[in-house]
Amino acid sequence: RILDQKRWHQKYYDLLSYKEIFGHTRVSKYSPPNTSLGRWAELQRKNYKHFLKGDTSFKMTEYRIRLLNKAAFEWDRSAPTWCERYEDLVSFVKEFGHARIPNKF
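All of these numbers come straight from a predicted model, not from anything done at the bench.

This part is about the overall build of the protein chain. A tally of helices and strands in the protein chain yields 4 helices and 0 strands. Listed by position from the N terminus, the elements making up the protein chain come as α-α-α-α. In terms of overall dimensions, the protein chain has C-alpha extents of about 40 × 25 × 25 Å along its principal axes. Here the protein chain holds 105 residues, and the buried ones make up 31% of them. Sequence-distant contacts in the protein chain: of pairs separated by 6 or more residues, those separated by 24 or more amount to 52%. Of the roughly 7,300 Å² that the protein chain leaves accessible, carbon and sulfur atoms contribute 55%.

The subject of this paragraph is helix H3 (residues 62-70). Three- or four-residue spacings in an α-helix give side chains the same orientation, since the helix completes a turn every 3.6 residues. Looking at H3, one finds that the buried residues are Arg64, Ile65, Leu67 and Leu68. Seen along its axis, H3 keeps its buried residues to an arc of 165 degrees; they face one direction. Away from its buried face by more than 90 degrees, H3 exposes Glu62, Arg66 and Lys70. On the buried face of H3, the contacting elements are helix H1 (2-22) and helix H2 (35-52). Remark: Ala72 follows H3 within two positions and exhibits a positive phi of approximately 60 degrees.

On to the pattern of salt bridges, then. In this structure the tally under the stated criterion is 5 salt bridges. A salt bridge links Arg26 to Glu87, with the nearest nitrogen and oxygen atoms 2.9 Å apart. Residue Arg26 is found in the loop between H1 and H2, and its partner Glu87 is found in helix H4 (residues 82-96); the two are separated by 61 residues along the sequence. On the accessibility criterion, Arg26 (6% relative accessible area) is buried. Given the relative accessible area of 36%, Glu87 is considered partly exposed. With a shortest N-O distance of 3.2 Å, Arg45 and Glu42 are connected by a salt bridge. Here the residue Arg45 and the residue Glu42 both occupy positions in helix H2, the gap between them amounting to 3 residues, near one helical turn. Taking relative accessible area as the criterion, Arg45 reaches 5% and is therefore assigned buried. Linked through salt bridges whose partners overlap, the residues forming this network are Arg26, Glu74, Glu87 and Asp88.

Between its terminal C-alpha atoms H2 stretches 26 Å, which fits the 26 Å expected from 18 residues at 1.5 Å a residue. Burial in H2 covers these residues: Leu37, Gly38, Trp40, Ala41, Gln44, Arg45, Asn47 and Tyr48. Count one or two residues on from H2 and you reach Gly54, which has phi positive near 95 degrees.

Each value, and the rule that gives it
Residues numbered from 1 in each chain as written. Predicted model: local features only at pLDDT ≥ 70, side-chain atom pairs only at ≥ 80, totals over all residues. Heavy atoms only, no water. Helix = DSSP H or I, 4+ residues; strand = E, 2+ residues; numbered from the N terminus. Buried < 20%, exposed > 50% of the residue type's maximum accessible area, 1.4 Å probe, protein only. Contact = heavy atoms within 4.5 Å. Areas by Shrake-Rupley, 256 points an atom, 1.4 Å probe, with all protein chains shown as cover. Arc of directions from axis to C-beta. Salt bridge = Lys/Arg side-chain N within 4 Å of Asp/Glu carboxyl O. Expected span 1.5 Å × (residues − 1).

Function-wise, these values are silent; they only describe arrangement.
This is the structure:
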């Protein structure tokens, strides 16, 4: 249990670093350079949905929700706006030096 909490906090700190570099927390499971952070972020979104339905078996807690909200974590990536996609493009260009985004990105 303690190891699980340490891992969660490490990913949370990775999220804060990502936000400092890219200016947002719209991490997806395909976000470079750390796809494991993206998978973790997707898991937090899934666990949060279960938490809202009253299912606390998914390891989401009010404490974790407060921390993620404090980091301006984006709980819903389902309907990105044009500006959000533009910001994603800018982040991609910063990372890779070009705007030729692969189809699977």
